[in-house]
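Structural overview for review
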Amino acid sequence: MSFIEKLNSIWEENDSLVCVGLDPDLERFPKSIRDVPDAIFQFNKRIIDATHDLVCAYKPQIAYFSAESAEDQLTKTIQYIQSEYPSIPIILDSKRGDIGSTANKYAVEAFERFKVDAVTINPYMGYDSAEPFLSYQDKGTVLLCRTSNSGASDIQDLIVDGVPLYQKVATLISDKWNYNNNCLLVVGATWPSQMAKVRSLVGDMPFLVPGVGAQGGDIEALVKAGKTANGKGLIISSSRGVIYASGEDDFDSKAREVVLKLRSQINLHRK
Ligand SMILES: O=c1ccn([C@@H]2O[C@H](COP(=O)(O)O)[C@@H](O)[C@H]2O)c(=O)[nH]1
């Protein structure tokens, strides 16, 4: 099953547009789990077991694993989701981007080493840097368009041929790079008016939407701006707001409470 098919199916199955971001930071772990062997994997496993029926995707951010030399625990986390909850897509957030020969290795890293369903990449270096990812027809390539951070406007809003660069990026990807129907865009929850503009440019292309929870994105505004005509089209991701909902050993049940609430808040505005 392709990534897009998997996504369409899990949106229905779990009635959810919520993605849980796995950004495991040992310094924020409860004492009860910080010193156990494979603490990162054990922490992720409890978050996953507590939320699997409420989400449309998991998004591990590679920096939180590589900074701890814990890529083995990223592999274990991915394999755990794939064996226990195989219908849930995994998006590796690694924001790769380089010349074609190196990009080719990054695509192998994502799709053959880690065997994830989709990966985030930076389109800034142009088509030859994206092609190695796009050529995996059944995998998703999630390209940065209008990011959630405060500095997003520094470059992404520069005017090119009379329009902001992020709109150029959206149109280019939609018109020229999406020939395998496997492109998605990152559009931050913190910019609903830009999100509405991007939606008007790219039809039903799915958006990965970081920026709710810890970054304060407005759920009603983003859902109204970004949803497709069928009330879907969005993978709304929260990391810290979910996984650190409690600093105590009840972190998994508290994470579940947050995801339940987030799913309800989102679903309220989908119809
Ligand atoms: O525009 C972007 C693109 C990616 N991210 C990533 O999403 C999560 C957000 O974490 P929160 O704790 O929910 O704020 C994190 O992994 C970022 O690297 C983003 O925030 N904005």
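Keep in mind it's a predicted model, so treat the numbers as computed, not measured.

Of the two faces of strand β4 (residues 118-121), the one holding A118 and T120 and the one holding V119 and I121 are both buried throughout. Where strand β3 (residues 91-96) lies against β4, three bridges are found, and the strand directions are parallel. When the sheet's bridge partners are listed, R96 is paired in β4 with I121. Read as a crossover between parallel neighbours, the route from β3 over helix α6 (residues 100-113) to β4 is right-handed. Bridge count for β4 against strand β5 (residues 140-146) is four bridges, and the pairing is parallel. Looking across to β5, one finds that A118 is bridged to G140.

On the surface, I99, Y124, M125, I155 and L158 cluster together into a nonpolar patch covering about 540 Å² of accessible area. Relative to the assigned elements, L158 resides in the loop between α8 (152-156) and β6 (159-160). For L158, a relative accessible area of 47% gives the class partly exposed.

Right, let's get into the UniProt feature "domain: Orotidine 5'-phosphate decarboxylase" (unreviewed entry) in the chain. Those places that UniProt annotates as "domain: Orotidine 5'-phosphate decarboxylase" (unreviewed entry) correspond, in this numbering, to residues 17-251. End C-alpha to end C-alpha, residues 17-251 measures 22 Å, and it is 42% helix and 19% strand.

Structurally, F43 can be placed in helix α3 (residues 39-51). A relative accessible area of 1% places F43 in the buried class. With residues near it in sequence (within four places) discarded, F43 still touches P24, F29, P30, I33, I243, Y244 and F251.

Let us look at the confidence of the model for the chain. Averaged over the chain, the pLDDT score is 98; the fraction of residues at 70 or greater is 100%. Model confidence for the chain, summarised as mean pLDDT per element, is weakest for helix α2 (residues 31-34) at 96 and strongest for strand β2 (residues 57-60) at 99.

Here helix α5 (residues 71-84) spans 20 Å end to end across 14 residues, near enough to the 20 Å set by a 1.5 Å rise per residue. Every buried residue of α5 is listed here: Q73, L74, T77, I78, Y80 and I81. On an axial view of α5, the arc spanned by its buried residues comes to 155°, and they lie on one face. Summarising the contacts, the buried residues of α5 are in contact with β1 (18-22), α3, β2, α4 (63-66) and β3.

Quick notes on the rules
Residues numbered from 1 in each chain as written. Predicted model: local features only at pLDDT ≥ 70, side-chain atom pairs only at ≥ 80, totals over all residues. Heavy atoms only, no water. Buried < 20%, exposed > 50% of the residue type's maximum accessible area, 1.4 Å probe, protein only. Helix = DSSP H or I, 4+ residues; strand = E, 2+ residues; numbered from the N terminus. Pairing = 2+ DSSP bridges. Right-handed = clockwise from strand over helix to strand, strands pointing away. Patch = residues over 30% accessible without salt bridge, like charges linked within 9 Å, V, L, I, M, F, W, Y side chains within 5 Å. Areas by Shrake-Rupley, 256 points an atom, 1.4 Å probe, with all protein chains shown as cover. Salt bridge = Lys/Arg side-chain N within 4 Å of Asp/Glu carboxyl O. UniProt positions renumbered as here; feature names shortened; annotations may be inferred. Contact = heavy atoms within 4.5 Å. pLDDT = per-residue confidence, 0-100. Expected span 1.5 Å × (residues − 1). Arc of directions from axis to C-beta.

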